[in-house]
Structures are given as structure tokens and as C-alpha cells.
Amino acid sequence: MSRRDRVMAGLVALIWGVNFVAAQFGMDSFPPLLLAALRFTLVAIPAVFFVRPPGNGLRTVVGAGLTMGVLQFGLLYSAMHFGMPAGLASLVLQVQTVFTVVIAAVLLRERPTAYQVTGILIGIGGMVLVGWRHMSTAPALPFLMTVAAAASWALGNVLVRRRPPRDGFSLVVWSALVPPIPLFLGSYLLEGPEAIAHAFTHVTPMALLGLGFITYLASMAGYGIWNALLSRHAASSVAPWSMLVPPIGMVAAYAYSGEIPGLLGLIGGGVVILGVLMALGVGTGWGRTHDRPRQRPAAEPPGL
């Protein structure tokens, strides 16, 4: 990866680390499925009228909307609503790194080097240290829901890598047309019209601030950059950057709600960073070569 791409990947990790606390702000007023539906509605409208289609096929756009929209955030926000702490959620979700590398190896024949695999395993070990205290007391259902959200994100990563868009931002905007209807329907059926009405009549400024952050920074900026990186580099070179999210998320959670990482958390954060650096090839001529983007196939159907 070029130096510019590394800086952009680090910026995404910073945004996403704070994103979990911003989501908690939003859920102070909005129930989880309604919050996710509003997030993607605001991402799509009005931007879709001004951004050209991503050009990587209808199936990829719909697939990205379902995996990285409906499933990932429907599961993640529901897990946080049911008691998953923001700091722990930022940690568990990064299991997507392993899922992404494995799925890409099977479906795309992208083989990570042994050095990268070692770095990923070290990073996972660091994440376990960071979240050990939380994991021992976390309720099972929210924990499993967050793991399922990570698997959904990983599948979306591979779909984007398989058929790269013209640019990452256009895919974010157009794929955001997919989640609102199923998420609004889920909110109506599962959370109820009374909860929806109460949310809109008792919304707080902090909830609106949180909604704005997860919409315009975490989704539009964060996923726009992320998709662009996936279109230019192997999944095994991009996915490890997300392992930087847990240490940042732990700091943000501490600032917001006093979630204290403890000594193991601090040590684990350092181990995570070491693992990420190894997974990204530091020490093996990092930055000396660059992935060449695969040739994008013709869009199917034309216009998407």
C-alpha cells in the first residue's frame, strides 16, 4: 500500500473506533433497528441523485447493502441494545479480519503470506487480552450476534473485492438504498410503532449528533475509503487495519462511559498494534511494492 493509502486506512480505524460510542449516543433516543434504518436512509438520500452508479453490477450492490448494511448493523446495534458494551463490541467485530482473509482465500484465491498470518494471529491474541475481562462476563446472545455481524461484514468485503466499484464512495451511496426498507420493516414489527413514535418525539441533541457521526463520517467517509482500498489492494492487506479499531474504541468507551481497559487491556492494545504491523508487512519491505487492482469486469446490468 502507498503511504497515502496507509494514512487513509489509519483514518478509517480512528473514525470507526469512535463510531461505537456515537452509536450509543444514537440509541439513547432511537431503538437499534430504527437507528440503522435512519443511518442508511440519510446516506442514500439525497446523495444518490448526485453520485453516479458504482459500475460493479446490481448483484454486488445489493449484496453489499444486505451484508454490510442490513445484517452487519442490524445485528451489531441490536447486540449493543441487549447489553454488548461499546468497547467490547469494537473488539469482537474485528474478528471480521479472520473471516475476510479466510473467505478471500477460498473464493478469490488470495493467499496471505505466512508472515501476514502470524501477524493476524498475534493481533487476535492482543484483542483477546484487551477484552478478556469483558468476555468472561458478557451475555452470550449479544456476543454471538456481534460475531455474526463480523461474518456479514467479512462477506461484504469479499464481494466488494471480487467486483470492485468505480470508486468506494459511489458504492456506499448506492448500496445504502438496500437496507432502509428491511430495517424499517424490522423496526416496525420487532420494536413496535409506539417505540418509533416515542423516538421521534423525544429525540435528544446528543442522539442527533450520534446519528450524524455514524451517517456521514462512519458510513460515507469511512466505508467510502474502505471500499476504495479494497478495490486497489488484496483483502489480506486491507482487513488487518480494522484491528486498530479496538484500542481506539476502548479509549473512546472509557471517555464516554468509564469502561476501564485495565493493565491487560493496555498490554493487549500494544500487542494488537504489533500484529497489525506484521499483517501489513512491516519488516518485509513494506511499501516497496503495490497491489495492482484487478481489471473490473463490465457492469451488469449497464448503469449499475
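Below you will find a few notes about this structure. (Residues numbered from 1 in each chain as written. Predicted model: local features only at pLDDT ≥ 70, side-chain atom pairs only at ≥ 80, totals over all residues. Heavy atoms only, no water.)

1. Overview of the overall build of the chain
- Scanning the chain from terminus to terminus reveals 14 helices and 0 strands.
- Looking at the 304 residues of the chain, the share that counts as buried comes to 56%.
- Put simply, 92% of the contacts in the chain that link residues at least 6 apart link residues at least 24 apart.
- Total accessible area on the chain stands at roughly 13,000 Å², and carbon and sulfur atoms take up 71% of it. (Helix = DSSP H or I, 4+ residues; strand = E, 2+ residues; numbered from the N terminus. Buried < 20%, exposed > 50% of the residue type's maximum accessible area, 1.4 Å probe, protein only. Contact = heavy atoms within 4.5 Å. Areas by Shrake-Rupley, 256 points an atom, 1.4 Å probe, with all protein chains shown as cover.)

2. Remarks on the pattern of salt bridges
- Enumeration according to the criterion identifies 3 salt bridges in this entry.
- Among the salt bridges present, the one from D5 reaches R4, with a minimum N-O distance of 3.8 Å.
- By relative accessible area, D5 is classed as buried at 5%.
- A salt bridge links E110 to R161; the nearest nitrogen and oxygen atoms lie 2.7 Å apart. On the criterion of sequence distance, the pair formed by E110 in the loop between α5 (96–107) and α6 (114–135) and R161 in helix α7 (residues 140–162) is long-range, its members being 51 residues apart. For the pair shown, E110 and R161 are each scored as buried. (Salt bridge = Lys/Arg side-chain N within 4 Å of Asp/Glu carboxyl O.)

3. Focus on the nonpolar core
- Judged by nonpolar contacts, the single largest core of 76 residues is most densely connected at W16, F20, F30, L76, Y77, M80 and W226.
- It is helix α11 (residues 205–232) that provides the largest number of residues to this core, a total of 11 residues. (Core = buried A, V, L, I, M, F, W, Y, C linked by side-chain atoms within 4.5 Å.)

4. Quick notes on α5
- Taking 1.5 Å per residue, 12 residues should reach 16 Å; α5 reaches 16 Å between its end C-alpha atoms and fits that length.
- The set of residues buried in α5 consists of Q96, T97, T100, V101, A104 and A105. Here the buried residues of α5 occupy an arc of 165° about the axis, which is enough to place them on one side. Residues of α5 that are exposed and angled more than 90 degrees away from the buried face: V106 and L107. (Expected span 1.5 Å × (residues − 1). Arc of directions from axis to C-beta.)

5. Here's the deal with the packing of helix α3 (residues 58–81) against helix α8 (residues 168–175)
- At a minimum axis distance of 9 Å, the contact between α3 and α8 shows a crossing angle of 70°. By the angle class used here, α3 and α8 are roughly perpendicular. Facing V61, A64 and G65 of α3, the residues of α8 in contact are L171, W174 and S175.
- The residue inventory of the contact of α3 with α8, partitioned by class, reads 4 nonpolar, 2 polar and no charged. (Axes fitted to C-alpha atoms, helices over the stretch in contact; angles between N-to-C directions. Parallel < 35°, antiparallel > 145°, perpendicular 65-115°, else oblique. Nonpolar A, V, L, I, M, F, W, Y, C, P; charged D, E, K, R; others polar.)

6. Quick look at unusual backbone geometry
- The omega torsion across I45 and P46 is 5°, close enough to zero to call that bond cis.
- Along the chain, the position of P46 falls in the loop between α2 (32–44) and α3.
- Of note in the backbone geometry, R109 takes a positive phi value of approximately 60° without being a glycine.
- Along the chain, the position of R109 falls in the loop between α5 and α6.
- With a relative accessible area of 58%, R109 lands in the exposed category.

7. Looking at empty space enclosed by the protein
- Summed over the entire model, instances satisfying the criterion amount to 2 cavities of 30 Å³ or more.
- Estimated volume of the largest cavity: approximately 130 Å³.
- Forming the walls of the largest cavity are 14 residues, and the residues nearest its centre are F40, M68, V172, S175 and Y223.
- At the level of elements, α3, α8 and α11 are the ones that each hand at least two residues to the lining of the largest cavity. (1 Å grid on protein atoms, 1.4 Å probe; cavity = no way out; pocket = protein on both sides within 12 Å on 5 of 7 lines; lining within 4 Å. Points joined across faces, edges and corners; volume = space filled by probe spheres on them.)

8. Some points on the packing of aromatic side chains
- In this structure the tally under the stated criterion is 9 aromatic pairs.
- An angle of 70° between the planes, with centres 5.9 Å apart, marks the rings of F30 and F200 as edge-to-face. Of this pair, F30 sits in the loop between α1 (3–27) and α2 while F200 is found in helix α10 (residues 193–201), placing the two residues 170 residues apart along the sequence.
- The buried category is assigned to F30, whose relative accessible area is 4%.
- The partly exposed category is assigned to F200, whose relative accessible area is 47%. (Phe/Tyr/Trp six-rings, centres within 6.5 Å; stacked < 30°, edge-to-face > 60°.)

9. What about the side chain of N19?
- Examined against the element boundaries, N19 turns out to sit in helix α1.
- Owing to a relative accessible area of 5%, N19 belongs among the buried residues under this scheme.

10. Quick notes on helix α9 (residues 180–191)
- When we look at burial in α9, the residues that qualify are P180, L183, G186, S187 and E191. The buried residues of α9 all sit within an arc of 135° when viewed along its axis, so they share a single face. Counted as exposed and oriented over 90 degrees from the buried face of α9: I181 and L189.
- Those residues of α9 hidden inside the fold are in contact with α2, α3 and α10.
- Positive phi appears at G192, one or two residues downstream of α9, with a value of about 95°.

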